[in-house]
Amino acid sequence: MTASGSPPVAPARAYAQDLDAADPLAPFRERFAIGDPDVIYLCGNSLGRQPRAAVEHIERAMQEWAKELVEGWQHWLDLPTHVGDLMAGPILGAGPGQVIVSDSTSVNLYKLAMAARTAVPGRPVVVTDAGEFPTDRYVLEGLGDRRLITSDPVAGPTVDDVTQALDDHVGVVCLSQVGYRSSALADMADITAAVHDAGALMLWDLSHSAGCFPVALDRHGVDLAVGCTYKYLCAGPGAPAFLFVRTEVQDRLRQPIWGWFGQRDQFAMGERYDPAPDARQFLVGTPSVIGLAGVQAGVEVVAEAGVAAIRGKALTLGALGVQLHRAWLAGRGFSLGSPPEGVHRGSHLSLCHADAQRIHAELAGSGRVITDFRFPNTIRLGLAPLTTRFVDVWDAFDRLRALSY
Ligand SMILES: Cc1ncc(COP(=O)(O)O)c(C=O)c1O
């Protein structure tokens with residue numbers, strides 16, 4: 001409601017059209033497979049659309065396989081570090097030699113959390129948030145001494161929440177930079193500094209920020225990070241994940257899965273495990289060459305657009321969504337499940353409703369708007385800036401308000 005008691009007025013569709021006309025990133029939508037033009041896809045926070053270049057990259061890898069057969073390993077062997085370096089600067093704000101692309105986010109999280117915990121002797125406790133993504137909570141639960149923060153479900157973990165959980169038993173703190181449910185954006189700089197002041201290591205999950213937010217790992221002195229590539233990096237379903245280990249801590253860490261790709265001299269076939277002295281230590285086994293081709297395609301298109309420009313558009317897309325929610329939905333049982341101010345939010349917007357599961361299904365069915373539902377009451381609208389138009393947001397809210405609830 002406004003001060004006069006009447007609901008705020010929604011911007012007209014023409015306003016969204018004007019924003020699209022002025023959008024410098026608009027041409028990037030052509031670089032992706034779109035499919036049915038009447039379906040509005042707001043799920044790029046779960047699985048990004050397919051870059052057309054992915055087909056070429058994967059086709060090239062297929063041809064290499066056909067022609068080179070096992071000789072292909074001469075250059076495929078370096079792909080995890082090569083693609084890691086490609087994404088390090090433009091996507092993660094990290095210098096070379098610190099990022100590798102391999103395995104899944106869950107496996108990478110296990111490798112890094114376990115390595116960090118054993119690197120800080122006498123500090124077995126791992127801190128995370130009770131609202132963290134399930135795989136993070138489960139992996140850390142499996143390590144034993146897990147301590148949970150209970151942060152505000154919409155605002156996410158604050159520096160104070162984290163500080164209160166720290167003591168000299170804590171060896172590592174693991175949090176998402178952008179919360180999977182609410183989209184809350186955590187304060188990477190201050191939280192990392194607080195964790196360091198307490199003598200622990202900081203491990204960030206960047207699954208919901210890599211590719212849509214200017215992550216600055218080196219600038220904030222982050223020790224460790226993991227994240228997936230199939231959301232805003234558009235690398236394809238099940239594409240390999242990334243991990244980051246700050247150069248200064250690489251020597252101190254020993255990851256728990258001792259595979260031959262982490263071996264210093266891999267083809268000497270030595271009797272004992274002797275880990276590589278650099279980020280290669282965090283590799284385990286044979287990488288997916290096809291998967292890495294998808295990651296390269298996604299990283300290249302995101303890097304070309306630039307994460308600063310992507311973030312700028314995400315803020316305007318989100319602001320439009322918040323405005324439409326206030327005008328059309330707030331009085332009808334919906335509440336915002338995300339921070340209302342863009343600076344405190346990632347690229348998706350969450351709406352809560354007691355009947356969210358049914359509404360989500362109807363929105364996909366008759367509404368032809370693809371979102372996702374998170375139990376028990378949350379509909380997430382993924383506003384992936386490279387492929388979402390302002391009219392998509394306007395039309396999605398228009399179709400949502402037309403449903404009965
Ligand atoms: C924060 C976060 N971490 C991890 C994952 C997924 O991990 P994995 O790729 O290992 O399934 C997700 C998937 O949505 C996620 O949102």
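Residues numbered from 1 in each chain as written. Predicted model: local features only at pLDDT ≥ 70, side-chain atom pairs only at ≥ 80, totals over all residues. Heavy atoms only, no water.

A. Main features of the pattern of salt bridges. Applying the stated rule across the entire model yields 20 salt bridges. Taking the shortest distance from any N to any O, the salt bridge between D355 and R358 comes out at 2.7 Å. Measuring nitrogen to oxygen at the nearest pair gives 2.6 Å for the salt bridge that ties R380 to D372. Looking at D372, the relative accessible area reads 8%, which means it is buried. What emerges from the salt-bridge pattern is a single network uniting D36, D38, R368 and R399. (Salt bridge = Lys/Arg side-chain N within 4 Å of Asp/Glu carboxyl O. Buried < 20%, exposed > 50% of the residue type's maximum accessible area, 1.4 Å probe, protein only.)

B. Molecular detail of the domain arrangement of the protein chain. Taken domain by domain, the protein chain consists of domain 1 (13-51 + 306-402) and domain 2 (54-305). Centre-to-centre, using C-alpha coordinates, domain 1 lies 28 Å away from domain 2. Each partner contributes residues to the interface: domain 1 has 36 residues there, and domain 2 has 29 residues. When residues of domain 1 are sorted by the area they lose upon contact with domain 2, P51, V307 and H348 head the list and together hold 21% of the total. Joining domain 1 to domain 2, the criterion identifies one salt bridge. Notably, a salt bridge pairs E304 with R31, separated by 2.6 Å at the nearest N-O pair. Applying the counting criterion to the domain 1 and domain 2 interface returns 19 residue pairs in polar contact (both at pLDDT 80 or more). Elements supplying a minimum of two residues to the side of domain 1 that touches domain 2: α11 (307-329), β10 (348-352) and β13 (378-382). No other element matches the five residues that α11 contributes to the side of domain 1 that touches domain 2. When grouped by side-chain class, the residues that make up the side of domain 1 that touches domain 2 number 16 nonpolar, 14 polar and six charged. (Domains from an automatic or database assignment. Contact = heavy atoms within 4.5 Å. Buried area = accessible area lost by both parts, 1.4 Å probe. Polar contact = N/O pair within 3.5 Å; in protein donor to acceptor, adjacent residues only side chain to side chain. Helix = DSSP H or I, 4+ residues; strand = E, 2+ residues; numbered from the N terminus. Nonpolar A, V, L, I, M, F, W, Y, C, P; charged D, E, K, R; others polar.)

C. Just the site of the ligand, in detail. In the vicinity of the ligand, the contacting residues are S104, T105, S106, F133, T135, D136, S176, D205, S207, H208, Y230 and K231. Between T105 and the ligand, the recorded distance is 3.4 Å, taken from a backbone N or O atom to an oxygen atom. Note that a nitrogen atom of the ligand is positioned 2.8 Å from one of the side-chain N or O atoms of D205. Here the residues of the shell around the ligand are counted per class, giving two nonpolar, seven polar and three charged. (Near = heavy atom within 4 Å.)

D. Structural detail: the packing of α11 against helix α13 (residues 390-402). Axis separation between α11 and α13 bottoms out at 10 Å; the angle between their running directions is 20°. Here α11 is positioned roughly parallel relative to α13, judged by the angle of their axes. You can see that α11 and α13 cross each other, and the crossing is right-handed. Two secondary-structure elements touch here, α11 through K313, T316, L317, L320, G321, L324, H325, W328 and L329 and α13 through F390, V393, W394, F397, D398, L400 and R401. Taken together, the residues that form the contact of α11 with α13 break down as ten nonpolar, three polar and three charged. (Axes fitted to C-alpha atoms, helices over the stretch in contact; angles between N-to-C directions. Parallel < 35°, antiparallel > 145°, perpendicular 65-115°, else oblique. Left-handed = near helix turned anticlockwise from the far one by under 90°.)

E. Quick look at empty space enclosed by the protein. Evaluation of the coordinates by the stated rule reveals three cavities of 30 Å³ or more. Considering only enclosed or pocket space, the largest cavity measures out at about 70 Å³ in volume. Lining the largest cavity we find F32, G44, R49, G211, K231, Y232, C234, I310, A384, P385, L386 and T387. For the lining of the largest cavity, the class distribution of residues is seven nonpolar, three polar and two charged. Taken domain by domain, the makeup of the lining of the largest cavity includes at least three residues from each of domain 1 (13-51 + 306-402) and domain 2 (54-305). As a volume, the second largest cavity reaches approximately 50 Å³. Forming the boundary of the second largest cavity are R311, A314, L315, G318, G342, R345, G346, S347, H348, L349 and L383. Elements represented by at least two residues in the lining of the second largest cavity include exactly α11 and β10. Take the lining of the second largest cavity: its biggest share by element is four residues, from α11. A class-by-class count of the residues in the lining of the second largest cavity yields four nonpolar, five polar and two charged. (1 Å grid on protein atoms, 1.4 Å probe; cavity = no way out; pocket = protein on both sides within 12 Å on 5 of 7 lines; lining within 4 Å. Points joined across faces, edges and corners; volume = space filled by probe spheres on them.)

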